[in-house]
Amino acid sequence: MAVIRVEPKLDPSSGLYYVEIFHPAEAEQPFVTTEPRYKTAAVAENDLIAIIASRANSPKG
């Protein structure tokens, strides 16, 4: 069961990708939208995963 949905999208004006994060996964409107800064959709997805992983591994406090 997916809790979030991640969709990389191409910004036609810049030619760069941004990420929309939907929570819950079935939501029609994104919960978070990044700025267009990625050269490919794969890079956008990988960066998001890296950000989530680094935050999950950070000590609390």
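Up top is the structure these notes are about.
In short, a report on the structure. (Residues numbered from 1 in each chain as written. Predicted model: local features only at pLDDT ≥ 70, side-chain atom pairs only at ≥ 80, totals over all residues. Heavy atoms only, no water.)

1. Notes on the pattern of salt bridges
Applying the stated criterion across every chain, the model contains three salt bridges. Between Glu7 and Lys9 there is a salt bridge, and its shortest N-O distance comes to 3.4 Å. When its relative accessible area of 23% is taken as the criterion, Glu7 is described as partly exposed. Of the residues examined, Lys9 reaches a relative accessible area of 28% and is grouped as partly exposed. Where Lys9 meets Glu20, a salt bridge forms, and the shortest distance between an N and an O atom there is 3.0 Å. Of this pair, Lys9 sits in strand 1 (residues 5-11) while Glu20 is found in strand 2 (residues 16-22), placing the two residues 11 residues apart along the sequence. Judged by its relative accessible area of 12%, Glu20 is buried. (Salt bridge = Lys/Arg side-chain N within 4 Å of Asp/Glu carboxyl O. Buried < 20%, exposed > 50% of the residue type's maximum accessible area, 1.4 Å probe, protein only. Helix = DSSP H or I, 4+ residues; strand = E, 2+ residues; numbered from the N terminus.)

2. A word on the packing of aromatic side chains
The geometry of an aromatic ring pair is captured by two quantities: the separation of the ring centres and the angle between the planes. Scanning the model with the defined rule gives zero aromatic pairs in all. Against the face of Phe22 rests Arg5, its NZ or CZ located 3.9 Å from the ring centre. (Phe/Tyr/Trp six-rings, centres within 6.5 Å; stacked < 30°, edge-to-face > 60°. Lys NZ or Arg CZ within 6 Å of the ring centre and 35° of its normal.)

3. Quick look at a nonpolar patch on the surface
Taken together, the side chains of Val3, Ile4 and Ile52 define a hydrophobic patch exposed on the protein surface, amounting to about 250 Å² of accessible area. Locating Ile4 in the fold gives a position in the segment before strand 1. For Ile4, a relative accessible area of 38% corresponds to the partly exposed category. (Patch = residues over 30% accessible without salt bridge, like charges linked within 9 Å, V, L, I, M, F, W, Y side chains within 5 Å. Areas by Shrake-Rupley, 256 points an atom, 1.4 Å probe, with all protein chains shown as cover.)

4. Things to note about the nonpolar core
Across soluble globular proteins, you tend to see nonpolar side chains buried next to one another. Within the largest apolar cluster, five residues are counted, these being Val19, Ile21, Tyr38, Ala44 and Leu48. Elements with a contribution of two residues or more to this core: strand 2 and helix 1 (41-56). Excluding residues within four positions of it along the chain, Val19 makes contact with Val6, Glu7, Pro8, Val32, Thr33, Thr34, Tyr38, Ala44 and Leu48. (Core = buried A, V, L, I, M, F, W, Y, C linked by side-chain atoms within 4.5 Å. Contact = heavy atoms within 4.5 Å.)

5. Description of the sheet that holds strand 1
Sheet architecture is open: three strands sit in the order 1-2-3, paired in antiparallel fashion. In the strand order of this sheet, the two ends are held by strand 1 and strand 3 (32-33), each with one partner. In the sheet, strand 2 pairs with strand 3 via two bridges, with the strands oriented antiparallel. Bridged to Ile21 within strand 3 is Val32. Running at roughly 45° to strand 2, helix 1 makes contact with strand 1 and strand 2 of the sheet. (Pairing = 2+ DSSP bridges. Axes fitted to C-alpha atoms, helices over the stretch in contact; angles between N-to-C directions.)

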